[in-house]
Amino acid sequence: MRAAVAKLRGAWPQLSALILMLVIDWLIFPSFFQLRLVDGRLTGSLVDVLVRGAPVALLALGMAGVIATRGIDLSVGAIMAIAGAVAATSIAGGSPWYVAVLLALLAGMACGIWNGTLVAIFGVQPIIATLVLMVAGRGIAQLITSGQITTFVDPQFAAIASGSTVGIPVPILIAVATAAILGILTRSTALGLMIRAIGINPGAADLVGIHRQGITFAVYVTSGITAALAGLIVAADIRGADANNAGLWLELDAILVVVLAGASLLGGRLSYGLTLLSAITLQALKTGILLAGLPPQMTLILMAVAVSLLLAIQAPATQQWLARSARRRAAA
Amino acid sequence: MSAGKTSIDDQHVTDSDGAQLLEARGITKSYPGTIALDSVNFSLRAGEVHALMGENGAGKSTLIKVLTGAEQRDAGTVELAGTPIEVHDTAAAQRLGIWAVHQEVMTLPNLTVAENLLMGALPRRFGLVDRREMSRLAQSSLQQIGLDLDVDRPLGSYSVAIRQLVAIGRAVRADARVLVLDEPTASLDMPEVERLFGIVRGLAARGTGIVFITHFLDQVYALSDRITVLRNGRSLGTARASDLPRSELVSRMIGKSLEDAVHKPAAKPSGLVARFSGLTRDRLVEPFEIALHAGEAVGAAGLLGSGRSETALLMFGAERADDGSVQIDNTTVKLKSPRDAVRHGIAFSPEDRKTDAIFSELSVRDNIIVALQSKRGWLRRITARDRKAITDRLIEQLKVKTPDADKPIGELSGGNQQKALLARWLATEPRVLILDEPTRGIDVGAHAEIVRLIEDLRDRGMALYVISSELEELLAYSDRVSVMRDRKQVKLLSGDELTIENVIAAIAAHEAAQ
């Protein structure tokens, strides 16, 4: 019980950021929280935020593990494009939807294996190692689609983006399920402890006998797979694969989400729950800007301002100041 | 010469000849958790070469930092030629004529020799740098130290030795009165060392006070007039080099901190647990032999850089051996990584806690459990209840003082961190425990507790290999002592041979032979 309270207190910057964004959205758009069931699927602005936030949430979930080991994965956007291209091409070639999904996931896994090999086995710096695939990945995706935007008609595959189960849209289910699986995997085994130990002190991790190479490899493979899931949702949403634009710059959104979730780029912190929360915060911010009817050229600037504010609120210096003034108030 | 009889207070040589150039009294400096300098006195005369000696962590570099303005002292006074001074940064110290040339030479290799020499004081003409004048000035200042270089070539095109000399030339040009040379010969070969020594002697003859830091004993005696020894942040006094025999210097540096330590040999060493035969790695350490029996402690002695820590790295698989074999219970095993070693019941607590062992943001509990968890593998997670039981038991057994075992280990004192690290390895129930400097940088109370623990573990049948600079305590609990020198195992002492004199003789032998 005490641990639960402590955990909640640790999460308050992320929780308050999310609540703040939702309240702002509600002020801009009073019917923000209205939910309706349309054709057995929940709809409404809030649901929209969750659905649109799902791809970045998935990227961030994979990225969280990588960053916790003091790494970074710049290639997730390109992996989305590759996974989308593989899925679209195989459906266009007549494969059933589940084969397309399987192939796309395998492609994402292969990309993760490539990154993991460079980082964990050859010891290349993560930012350089994953930059390779970030640049080359779109080329690979274009080769797969022969340079065209491949479109297809397959209602079952499209359901990955637009379908729902017991009223809940499938993208939300995929993101939540992925977070749950990763959370359970790292908590019910010793992986969470080992990932954090590697991020905090890689040399000491080796000296206590942690299999650093294997675990580092695994977080990059996981990131490749979650990126492929995100790619599948986007491909299913537009019913096609756009090698040039699918997932473009989303690796930066993913890194931003992980940092908003309280992780340090120096590694050692890992929370899939907070990562999911922060992905929703970022999407609520983007949606809010759209709902406010601001000109699109303002979007990026406002995002930058808002994100800087959120990060400043969460910064250790601010937190210490707040703690100090709270103590002072308590003393007075 | 009997090291045991030398008292510590009789070395405050206070000759009055020679003007006191720099006089530091009662210098105290503490960092969170440790006292780096404890009211240290240090005086430097004009025209002398004064060696500052001490093992790692003795306080040499802190003292230099305080004197050159890189760190601020907590207490004490510093006088330069009789005038009290306060220096708040290195630039202020340099204006007063106090210069330091550090091990990693701080010059700019992409700039020319002349630019490096005259940095901050470039000659100007019509507001522009006067390059001809710059070259002339640079040439003349290099000639002062007997160096003839093309001053318009980039400094990076010269050897490390020359760069070192140019750094000294910079201080000379600025009329340094006090020149600190911090390990200046570490990367030089013999002729270059001779050249450097010639220059240093010339500077001293002109009245510059030189502070010389090195770990090469023969160089200390070749160059210095006086020697000051620091240990654990305290000064053990200053002596004329001619009055301080090598073996005495070594024994002062290494120290005998537990005056009442009595040799308590193991009850009865039993079966052979591990044998490390002929392990070697190029450039780290030459082939060495260590056999460890249950219920026995083997000590490893030697100066810094003697290869003593490297033996531990090879025995734990942290460095791969080029050659040699490891036998555990008479079965040959391969140690390709620490993981292999842990699986075979070997544990290793490294010398540098902070960089090689502590996960500072993880809790005390996590820091303790992590080795056992790694031994079990990631799939077999230790349950929360077992984790609590194991860590509570060890925290109590080792008297780790922490208000809350769930708080980050980084907030604990050095001694308690060290105890938690021992707890980490005891949790794995190792058969062989390798400890590198287990008592360095921790307070006296924790120190005694760790020594007791070592004896206790030994008596309960564990095989220990302990590396330590604290010679007396090492001799107190070791059944045999392996002496390392110049990356070679030079002696394996046992039984009646286990005396401080013998260990020091073995450590100092090489230098004496030269």
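Keep in mind that what you see is a predicted model, and the values were worked out from it rather than measured.

Draft legend 1. The overall build of chain A, seen in detail. Tallying secondary structure elements over chain A gives 15 helices and six strands in all. Compactness check: chain A gives a C-alpha radius of gyration of 20 Å against a globular reference of 20 Å for 332 residues, within 12% of the reference. Over its C-alpha atoms, taken along the principal directions, chain A stretches across nearly 75 × 55 × 40 Å. Taking all 332 residues of chain A together, 50% fall into the buried category.

Draft legend 2. How the structure looks around the pairing of strand β1 (residues 20–31) of chain B. All names here are of chain B. Relative to strand β2 (residues 34–45), β1 is paired through eight bridges, and the arrangement is antiparallel. Residue Ile27 lies in a different strand from β2, and its bridge partner there is Val40. Sheet topology note: the β1/strand β4 (residues 75–80) ladder contains five bridges and is antiparallel. Counterpart to Glu23 in the pairing with β4 is Glu79.

Draft legend 3. Here's a closer look at the domain arrangement of chain B. Residue and element names in this part refer to chain B. Annotation of chain B at the domain level lists domain 1 (19–97 + 176–244), domain 2 (255–345 + 431–514) and domain 3 (357–429). Using only C-alpha atoms to locate each centre, domain 2 and domain 3 end up separated by 25 Å. Contact with domain 2, which involves 11 residues of that partner, is made by 13 residues of domain 3. Those elements giving two or more residues to the side of domain 2 that touches domain 3 turn out to be α10 (338–343) and α15 (444–459). If you tally residues by element for the side of domain 2 that touches domain 3, the top one is α15, at four residues. Classifying every residue of the side of domain 2 that touches domain 3 gives seven nonpolar, one polar and three charged.

Draft legend 4. Structural view of the interface of chain B and chain A. Across the boundary between the two partners, chain B contributes 23 residues, which contact 19 residues of chain A. At the level of elements, α10, α11 (353–356) and α12 (364–376) of chain B are the ones that each hand at least two residues to the side of chain B that touches chain A. For the side of chain B that touches chain A, the element with the most residues is α12 of chain B, which contributes six residues. Residue composition of the side of chain B that touches chain A, grouped by class: 13 nonpolar, four polar and six charged.

Draft legend 5. The nonpolar core, seen in detail. Counting residues in each nonpolar core, the largest one holds 254 residues, and the members touching the most others are Ala60, Ala64, Ile82, Ala83, Ala87 and Leu232 of chain A together with Ile434 of chain B. Apart from the residues within four sequence positions on either side, Leu232 of chain A is in contact with Ala83, Ala87, Val101, Ala104 and Ile160 of chain A.

Draft legend 6. Quick peek at the sheet that holds strand β5 (residues 83–84) of chain B. All names here are of chain B. As summarised here, the arrangement of the four strands in space is β2-β1-β4-β5, forming an open sheet in which the pairing is antiparallel. One side of each edge strand has no neighbouring strand; the edge strands of this open sheet are β2 and β5. With two bridges joining them, β4 and β5 adopt antiparallel strand pairing. Note that in β5 the partner of Leu80 across the bridge is Thr83.

Draft legend 7. Examining the sheet that holds strand β11 (residues 226–231) of chain B more closely. All names here are of chain B. Taking strand neighbours across the sheet as the criterion, the six strands line up as β6-β9-β10-β3-β11-β12 in an open arrangement whose pairing is mixed. The open sheet has two edge strands, β6 (98–101) and β12 (234–240), and neither has a second partner. Recorded for the sheet is a direction-independent mean angle of 20 degrees between the axes of neighbouring strands. Note: strand β9 (residues 178–182) against strand β10 (residues 209–213), five bridges, orientation parallel. Looking across to β10, one finds that Leu179 is bridged to Ile210. Packed onto the sheet, helix α8 (residues 246–254) meets β3 (49–53), β11 and β12 and runs at close to 25 degrees relative to β11.

Draft legend 8. Broad picture of the domain arrangement of chain A. All names here are of chain A. In terms of domain boundaries, chain A breaks down into domain 1 (53–293) and domain 2 (300–332). With six residues of domain 1 in contact, the opposing surface of domain 2 contributes six residues. Where the side of domain 1 that touches domain 2 is concerned, the elements lending two or more residues are α12 (250–260) and α13 (272–291). Its residues placed into classes, the side of domain 1 that touches domain 2 shows four nonpolar, one polar and one charged.

Reading the values: rules and limits
Residues numbered from 1 in each chain as written. Chains lettered and ligands numbered in written order. Predicted model: local features only at pLDDT ≥ 70, side-chain atom pairs only at ≥ 80, totals over all residues. Helix = DSSP H or I, 4+ residues; strand = E, 2+ residues; numbered from the N terminus. Rg over C-alpha atoms; globule rule 2.2 N^0.38 Å. Buried ≥ 20, exposed ≤ 12 C-beta atoms within 10 Å, placed from the backbone. Pairing = 2+ DSSP bridges. Domains from an automatic or database assignment. Contact = placed C-beta atoms within 7 Å. Nonpolar A, V, L, I, M, F, W, Y, C, P; charged D, E, K, R; others polar. Core = buried A, V, L, I, M, F, W, Y, C linked by C-beta atoms within 7 Å. Axes fitted to C-alpha atoms, helices over the stretch in contact; angles between N-to-C directions.

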